[in-house]
Amino acid sequence: MHYTKAAIVSIASFLCSLLAAAQPDFNKTYDFDGPGLWFVNLLADNDTLVLYGFGQDTSSPPKQGLYFVRMDSLGNVINSVFHADTTGGYFFLDYGFDIIRLSDGRYGGVGGLSGARTFLAVFGRTGEMEMLKTMNDPTVLFTSLRKVIELDDGFLLGGYKQKQNFSLDMFILKTDKLGNKLWEKSYGASNENDFLGTLTRLDDNTYVIGASRQKTSNLPLNQFWARSRILAIDSLGTIKWDWSSALNKGGGIRGLHQTEDGGWIYCTGEFDVNLVENWLDTRPKIVMRDSSMNLVWEEVMEVGKVYLNSFMDMKPSPDGYWVGAGFWTLPFDDVTNAELYGGLCKISPAGEVCWLRTDSSEWSIGAGKAANYYGGLAMLSSGSIVAAGRSERLLPSPSKDFAWVVKVDQGGNTNTLCLFSNAEELMGGRQLPTVTAYPNPANDHIVFTLSGTMAGDDPHLVLFNPAGQRIANISFGSTQSTTLDTASLPTGLYFYRLTLKTGASFSGKIIIQH
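Residues numbered from 1 in each chain as written. Predicted model: local features only at pLDDT ≥ 70, side-chain atom pairs only at ≥ 80, totals over all residues. Heavy atoms only, no water.

**Student:** Explain the sheet that holds strand S4 (residues 64-71) residue by residue, including any values.
**Tutor:** Taken in spatial order, the four strands make up an open sheet running S2-S3-S4-S5, and their pairing is antiparallel. Only two strands of the sheet have a single partner each, and these edge strands are strand S2 (37-45) and strand S5 (77-84). Along the sheet, successive strands turn relative to each other by an average axial angle of 20°, direction set aside. The sheet contact formed by strand S3 (residues 48-56) and S4 spans eight bridges and is antiparallel. Note on S4: the bridge partner recorded for glutamine 56 is glutamine 64. (Pairing = 2+ DSSP bridges. Helix = DSSP H or I, 4+ residues; strand = E, 2+ residues; numbered from the N terminus. Axes fitted to C-alpha atoms, helices over the stretch in contact; angles between N-to-C directions.)

**Student:** Explain the sheet that holds strand S35 (residues 481-485) to me, and be specific about the residues and the numbers.
**Tutor:** As summarised here, the arrangement of the three strands in space is S31-S32-S35, forming an open sheet in which the pairing is antiparallel. A single partner strand is all that each edge strand has here, and the edge strands are strand S31 (434-438) and S35. Averaged over all neighbouring strand pairs, the angle between strand axes comes to 20°, with direction disregarded. The sheet contact formed by strand S32 (residues 445-451) and S35 spans five bridges and is antiparallel. Looking across to S35, one finds that threonine 449 is bridged to serine 481.

**Student:** Give me the nonpolar core: which residues, what numbers.
**Tutor:** Ranked by internal contacts, the top residues of the largest apolar core, which has 27 residues, are Tyr52, Leu66, Leu93, Ile99, Phe119 and Phe123. Secondary structure elements with two or more residues in this core: S2, S3, S4, strand S8 (107-113), strand S9 (117-123) and strand S27 (369-379). Setting aside chain neighbours within four positions, we find leucine 93 in contact with Trp38, Val40, Tyr52, Gly53, Phe54, Leu66, Val110, Gly111 and Phe119. Formed by 18 residues, the second largest nonpolar core is a distinct cluster that contains Leu450, Ile474, Tyr496 and Ile510. (Core = buried A, V, L, I, M, F, W, Y, C linked by side-chain atoms within 4.5 Å. Buried < 20%, exposed > 50% of the residue type's maximum accessible area, 1.4 Å probe, protein only. Contact = heavy atoms within 4.5 Å.)

**Student:** How would you explain the side chain of asparagine 372 if you had to name every residue and give the values?
**Tutor:** Mapping asparagine 372 onto the fold places it in strand S27. A polar contact is formed between the side chain of asparagine 372 and the side chain of serine 360, at a distance of 3.4 Å. Polar side-chain contacts of asparagine 372 include one of 3.3 Å to the backbone nitrogen of serine 361. (Polar contact = N/O pair within 3.5 Å; in protein donor to acceptor, adjacent residues only side chain to side chain.)

Read these as geometric descriptors, not functional statements.
Printed below as a string of structure tokens:
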């Protein structure tokens, strides 16, 4: 990580005012009394949250369909509308599928349908479905739309298709205002997986696609390869330029944005192929490139080693920074028994990580085993961040999906600087552990002492400066205390975070004074 003096000063001042400026945060799950529900994306329309998802209703037998939900900024449901597929099939959505606000105040959403069909839907302001245009391709096994841009004369849609050889091909489709197809073009290659992650508009004749290129799944692991890909097309779908990353230095691209100087910032993943243990892991990262696609900086997130680690979205924050959302494991999880958590990260334009957090839904603590995913995020005018997705109960049976929404302040905090990630619930009803730091203020050393931990907690402590830079990583092992040499650290305020294997996380502060 790298940091500038100006950023450190501004963030230090920023941290001091977090609690006064923040709106109330929350961590809530929803099922509307049905068998299962999950959100894939959301947007903020002023301070009203519009959430897009799919699941089953309360009828018997339950129908599967789309959910359009409106909430206030405190997570209270204003209204929810369920739309079943009237043809008797089922809708398909995945994390990051678009829901957008249209120029007339209505909303547009995209996805897939059973029978190798895609759909474009237009919803009224309270969620009633005013248009559902379906399109099918009988030559493929499966197809779905992921992204939508409203044009003056129609829509530009992006998605992927699974061909008869099981490889994935990405495509762009233009329609008129009623969803009738005007043209369609594909941008993949044979015998590889080409997956569209983002679609953004620069001007009336330039649209930029963020995508991934990977080997097909029927090749052995020692032949795995992946690249990030960014290409621009004109208003007729003709490629204007096309760029790919170095081998295995990038995968899918999410949250692609052009910067003010004409460069690019995006989320991706870096792959590590372990042929000895025969597994593949992904390290999510944020990358900035200049207008010639030269690397300016990249920041790899310090998370666990599993293939499913991924960013799903990234948006600019009102203070000029960037916030990414996705899901990943804890950095010290056993790879064979890792659980997924919702992940949020804030980073500066200079590549400085301000904070990184992992979240679990409140209900899932004590459920036995759960997985948590963020599919998208929205920024409120206050600077608060709302992420939405899915919390999946795996064990004990029966498994069930819950729609999940979390709101944090602009510093990535919930409630106070002293409690992160729903610590009480993550401890499963146990008394919360405590951490003492002595002496505080410290000069040449400081002793961190634990109480209330149990065997298997695997306590891990990280020390941060006010900019969020990791200064030290401390493992306690089998002991209850550890000493940190602070003689070489500059005088000032520092924050520490203790994380247990349960996912519970606790924070405090120390002062170093020489």
